[in-house]
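Per-entry structural report
So the chains spell out like this:
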Amino acid sequence: ERKSRISETSTCPELDSIKCSLENKELWDKFCEFGTEMIITRTGRRMFPTVRVSFSNLDTEPGVKYLVLLDIVPCDNKRYRYAYHRSAWLVAGKADPPPPHRLHPHPDGPFSAEQLKKQV
């Protein structure tokens, strides 16, 4: 059985009081058991399930803004392909070189505390 690697700790002491919760964690855990968080569609691959998070303990002082970043970490150094006839993922060679940065910002940021509290 695979275990989820979702971390609930911060690497920044200034942000330790802020809580970020993955709203659909049960669904992510179920996909983790199967060894994938992707689905294949006719137009290509797609992350599934969607990332839905909520925030609490935010600083509501006027002018304070937050950036929401997603850090996507490769699980290994292999490339995979899906074999439909076997209904399984197969190793298809070495992975591409890692990108220069892995942090992906939310396109609507930066956010105020009020905006983050309203949205999921």
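Preceding this section is the structure that the text describes.
Below you will find a few notes about this structure.

**Notes on the side chain of S112**
- The topology assignment puts S112 in the loop between β8 (103-105) and α2 (113-118).
- Judged by its relative accessible area of 13%, S112 is buried.
- Contact partners of S112, with chain neighbours within four places excluded, come to V64, K65 and Y66.

**A few points about a nonpolar patch on the surface**
- Together, V51, L70 and I72 make up an exposed nonpolar region whose accessible area comes to about 220 Å².
- Here V51 is to be found in the loop between β3 (44-47) and β4 (53-56).
- Accessibility expressed as a relative area gives 41% for V51, which makes it partly exposed.

**Here we look at the nonpolar core**
- Ranked by size, the top nonpolar core spans seven residues in total: V53, F55, L58, Y66, F111, A113 and L116.
- Residue assignment for this core shows that the elements contributing at least two residues are β4 and α2.

**Notes on unusual backbone geometry**
- In this structure, P110 follows G109 across a cis peptide bond, with omega equal to 0°.
- The phi dihedral of N57 falls on the positive side, at around 60°, and the residue is not glycine.
- As for its position among the elements, N57 is in the loop between β4 and β5 (69-71).
- With a relative accessible area of 53%, N57 lands in the exposed category.

So, how was this worked out
- Residues numbered from 1 in each chain as written.
- Predicted model: local features only at pLDDT ≥ 70, side-chain atom pairs only at ≥ 80, totals over all residues.
- Heavy atoms only, no water.
- Helix = DSSP H or I, 4+ residues; strand = E, 2+ residues; numbered from the N terminus.
- Buried < 20%, exposed > 50% of the residue type's maximum accessible area, 1.4 Å probe, protein only.
- Contact = heavy atoms within 4.5 Å.
- Patch = residues over 30% accessible without salt bridge, like charges linked within 9 Å, V, L, I, M, F, W, Y side chains within 5 Å.
- Areas by Shrake-Rupley, 256 points an atom, 1.4 Å probe, with all protein chains shown as cover.
- Salt bridge = Lys/Arg side-chain N within 4 Å of Asp/Glu carboxyl O.
- Core = buried A, V, L, I, M, F, W, Y, C linked by side-chain atoms within 4.5 Å.

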